[in-house]
Amino acid sequence: MQHILVVDDEPDVRDSVKYVLDRAGYSVRTAESATDALAELARNPTDLVITDIIMPQINGVEAIESIRKAFPSVRIIAISGGGNFGATEYQPSAITTTAYLASAEKAGAHLVLTKPFETFELIRSVEHVLGVGHA
Amino acid sequence: LQAVSRAISSGDYTRALNVNTGIRELHELAEDLEAMRHELVGVNDRLEAKIKEKEISEVRREELQKQLRQHQRLETVGTLASGIAHEINNVLVPIILYTDTALQDLPTSGAPRANLERVLAAARRAKDVVKKILTFSRELGEAKLALIDLREVVAESLHLFSVLAPPTIEIRTEIDESLPFVRADATLAAHLLMNLFTNAYQAMEGAKGTLTIGLRYQEHPTVGRISQPHVEFWVSDTGRGMDSATVERIFEPFFTTRSVGQGSGLGLSVVHGIVESFGATITVESKIGVGTTFRIFFPAVARLEVVGALAAPVV
């Protein structure tokens, strides 16, 4: 069974994503921040991280960079709902969904997904990144 | 001579002096006076021109200030709207995922399935509305700017629109035969044009009216902040027109003069977002009972740039 870690500061988002992926036969854990995610990755074997980009403290792009460095075999999907936040503590240089997702890809995400997504889009994306037939 | 001298001293410089006199000194005096009158007339004309120039620059300044105010307000609304859009996108994730999985567990018929299908459809509609808001706040991820000939986009959109428009509306075109290229996304430009055509047709409320569509090259435009060579596109309708308060808010999202259910109030916000993403400028003129004209000024691309771009396509 493959292990997925879902990182999002919105409980409803991470719970619903976990619910769908649990049903699809994956073993899913969740984390509410990038810091928690990195600790969780150190504790348990993980094949895939699905991470939000706009999060307080450490944003998703920085989290992806850290994961790529410390856990190079872990696959990554970045998700974002977009929005123009201007210069905030989140990601001052990236102000649009496209920019967020582009910087996530640049940081090493294997796939990017715009919120909200459909059930089949989520499952297909996970299958694609983990390699079809491995699920 | 005396009468004319008095007239000049009282400010009337229009009466010429009759210098036909025998006395030499008087004659010279009269000639001097006549020269003085000529000079005064010149000074007067120059002063009048200066005052007029000042009045024009005052009008221009006011127009620029108005544009700046509108721009600042739209920016604020845009930032606010996209913040809300982000929140709604997050809320839509559990709604879509849980509803969809619940549907997978339900029998193929029955009221719960039908109800949940409606929930899912509503969530997808909300997703589309959010997408429009993000377009307004310059979330134009798919915008691929390339050098395009606006005449082609206008011809295509017009063809589509003429099929949809009622026959009571007369469509006129005033299109220059040769135009420089502009930098834009052809699909988005077509979307923008269709929005403006639809808006114009709705302003005429299905009554008889004329829709005029124009394209021309403006080497030295004189509108607002635009001074570079531009390709001007305009859409004029003979509809009901708008007052200045409406004109000032026309590009704000959710601002609509139509009754509930007749329009989302997002069409012209999307138009504004697309225009900005092209680096173009949009203006509106309107008069109640006469009609409305939207003008878009696309910066013209110089011939030299076009040659370079053809060698290496712009993406």
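The rules behind the values
- Residues numbered from 1 in each chain as written.
- Chains lettered and ligands numbered in written order.
- Predicted model: local features only at pLDDT ≥ 70, side-chain atom pairs only at ≥ 80, totals over all residues.
- Heavy atoms only, no water.
- Helix = DSSP H or I, 4+ residues; strand = E, 2+ residues; numbered from the N terminus.
- Buried < 20%, exposed > 50% of the residue type's maximum accessible area, 1.4 Å probe, protein only.
- Contact = heavy atoms within 4.5 Å.
- Areas by Shrake-Rupley, 256 points an atom, 1.4 Å probe, with all protein chains shown as cover.
- Pairing = 2+ DSSP bridges.
- Axes fitted to C-alpha atoms, helices over the stretch in contact; angles between N-to-C directions.
- Left-handed = near helix turned anticlockwise from the far one by under 90°.
- Nonpolar A, V, L, I, M, F, W, Y, C, P; charged D, E, K, R; others polar.
- Core = buried A, V, L, I, M, F, W, Y, C linked by side-chain atoms within 4.5 Å.
- Phe/Tyr/Trp six-rings, centres within 6.5 Å; stacked < 30°, edge-to-face > 60°.
- Lys NZ or Arg CZ within 6 Å of the ring centre and 35° of its normal.
- pLDDT = per-residue confidence, 0-100.
- Salt bridge = Lys/Arg side-chain N within 4 Å of Asp/Glu carboxyl O.
- Patch = residues over 30% accessible without salt bridge, like charges linked within 9 Å, V, L, I, M, F, W, Y side chains within 5 Å.
- Arc of directions from axis to C-beta.

*Asks:* Please explain the overall build of chain B as it appears in this structure.
*Replies:* If you tally the helices and strands in chain B, you get eight helices and seven strands. For chain B, the residues scored as buried account for 38% of the 315 residues in total. Contacts in chain B between residues far apart in sequence, at least 24 positions, make up 71% of those at least 6 positions apart. Element-wise, carbon and sulfur atoms account for 55% of the exposed surface of chain B, whose accessible area totals about 18300 Å².

*Asks:* Help me understand the sheet that holds strand S3 (residues 48–52) of chain A in this model?
*Replies:* Note: strands within a sheet are paired through backbone hydrogen bonds, in either parallel or antiparallel orientation. All names here are of chain A. The five strands are arranged S2-S1-S3-S4-S5 in an open sheet whose pairing can be described as parallel. Strands with a single pairing partner mark the edges of an open sheet, and in this sheet they are strand S2 (27–31) and strand S5 (111–114). Averaged over all pairs of adjacent strands, the angle between strand axes in this sheet comes to 20°, irrespective of strand direction. Sheet topology places strand S1 (residues 3–7) next to S3; four bridges connect them, and they run parallel. From the neighbouring strand, Val6 faces S3, where its bridge partner is Ile50. Helix-sheet contacts for helix H1 (residues 11–23) involve S1, S2 and S3, and the interaxial angle to S2 is about 170°.

*Asks:* How should I be thinking about the packing of helix H5 (residues 186–203) of chain B against helix H7 (residues 267–277) of chain B in this particular structure?
*Replies:* Between two packed helices, the angle of one axis relative to the other and the distance separating the axes together describe the packing. Residue and element names in this part refer to chain B. It is the contact of H5 with H7, at a shortest axis distance of 9 Å, that shows an interaxial angle of 145°. Relative to H7, the crossing made by H5 is left-handed. On H7, the residues touching Leu188, His191, Leu192, Asn195, Leu196 and Asn199 of H5 are Gly267, Leu268, Val270, Val271, Ile274 and Val275. A per-class count over the contact of H5 with H7 returns eight nonpolar, four polar and no charged.

*Asks:* Mind showing me how you'd approach the nonpolar core here?
*Replies:* Soluble globular proteins: nonpolar side chains tend toward being buried together. All names here are of chain B. The biggest cluster of nonpolar side chains holds 42 residues, and the ones touching the most others in it are Leu192, Leu196, Phe197, Phe233, Phe278, Ile296 and Phe298. Of all elements in the fold, only helix H4 (150–164), strand S3 (182–184), H5, strand S4 (209–218), strand S5 (230–237), H7, strand S6 (281–287) and strand S7 (291–299) reach the threshold of two or more residues within this core. If one sorts the elements of this core by residue count, H5 sits on top with eight residues. Setting aside its immediate chain neighbours within four residues, Phe298 contacts Leu150, Val182, Pro229, His230, Val231, Phe233, Phe278 and Ala280.

*Asks:* Sorry if this is basic, but what is going on with the packing of aromatic side chains here?
*Replies:* Remark: the centre distance and the inter-plane angle together describe each pair of aromatic rings, the angle taken between the planes. Residue and element names in this part refer to chain B. Tallied over the full model, the rule gives three aromatic pairs over all chains. Ring centres 6.3 Å apart and planes at 65° place the aromatic pair Phe251 and Phe294 in the edge-to-face group. With Phe251 in the loop between helix H6 (244–249) and H7 and Phe294 in strand S7, this pair connects stretches of sequence that are 43 residues apart. We note that Phe251, like Phe294, is buried. Note that Arg216 overlies the ring of Trp234, its terminal NZ or CZ placed 4.9 Å from the centroid.

*Asks:* Honestly, the confidence of the model for chain B in this entry has me stumped. Any pointers?
*Replies:* Detailed reading of the predicted model is not advised wherever pLDDT is low. Residues and elements named next belong to chain B. Taken over all residues, the pLDDT of chain B has a mean of 79, while the share at 70 or more is 78%. Under a pLDDT of 50 for its full length, residues 311–315 has, in the predicted model, five contacts with residues more than four places off or in other chains. Overall fold confidence for the complex sits at a pTM of 0.55, while the interface term, ipTM, reaches 0.86.

*Asks:* Any chance you could explain the pattern of salt bridges here in plain terms?
*Replies:* If the charged atoms of two oppositely charged side chains come close together, the side chains can form a pair. All names here are of chain B. Taken as a whole and assessed by the stated rule, the structure comprises 14 salt bridges over all chains. For the salt bridge of Asp149 with Arg151, the shortest nitrogen-to-oxygen distance reads 2.7 Å. Look at Asp149 and you get buried, because its relative accessible area is 13%. Note on Arg151: relative accessible area 28%, which makes it partly exposed. In this structure, a network of salt bridges that share partners links the residues Arg216, Glu232, Glu285 and Arg295.

*Asks:* Where do I start with the environment of Glu87 of chain B in this structure?
*Replies:* Residues and elements named next belong to chain B. With respect to the helices and strands, Glu87 occurs in helix H2 (residues 24–105). Given a relative accessible area of 42%, Glu87 falls into the partly exposed group. Counting along the chain gives 43 residues from Glu87 to Val130, while the straight-line C-alpha distance between them is 9.9 Å.

*Asks:* Would you explain a nonpolar patch on the surface in this entry?
*Replies:* Residues and elements named next belong to chain B. Taken together, the side chains of Leu1, Ile23, Leu26 and Leu29 define a hydrophobic patch exposed on the protein surface, amounting to about 340 Å² of accessible area. One can find Leu1 in the segment before helix H1 (2–9). On the basis of relative accessible area, Leu1 is assigned to the partly exposed category, the value being 37%.

*Asks:* Looking at this structure, I do not really get H1 of chain B. What am I missing?
*Replies:* An α-helical segment advances 3.6 residues per turn. Residues three or four places apart therefore align on the same side. Residue and element names in this part refer to chain B. Listed in full, the buried residues belonging to H1 are Val4, Ala7 and Ile8. Burial along H1 is one-sided: seen end-on, the buried residues are contained in an arc of 100°. Across H1 from its buried face, at more than 90 degrees, point the exposed residues Gln2, Arg6 and Ser9. Looking one or two places after H1, you find Gly11, whose phi comes out positive at around 100°.

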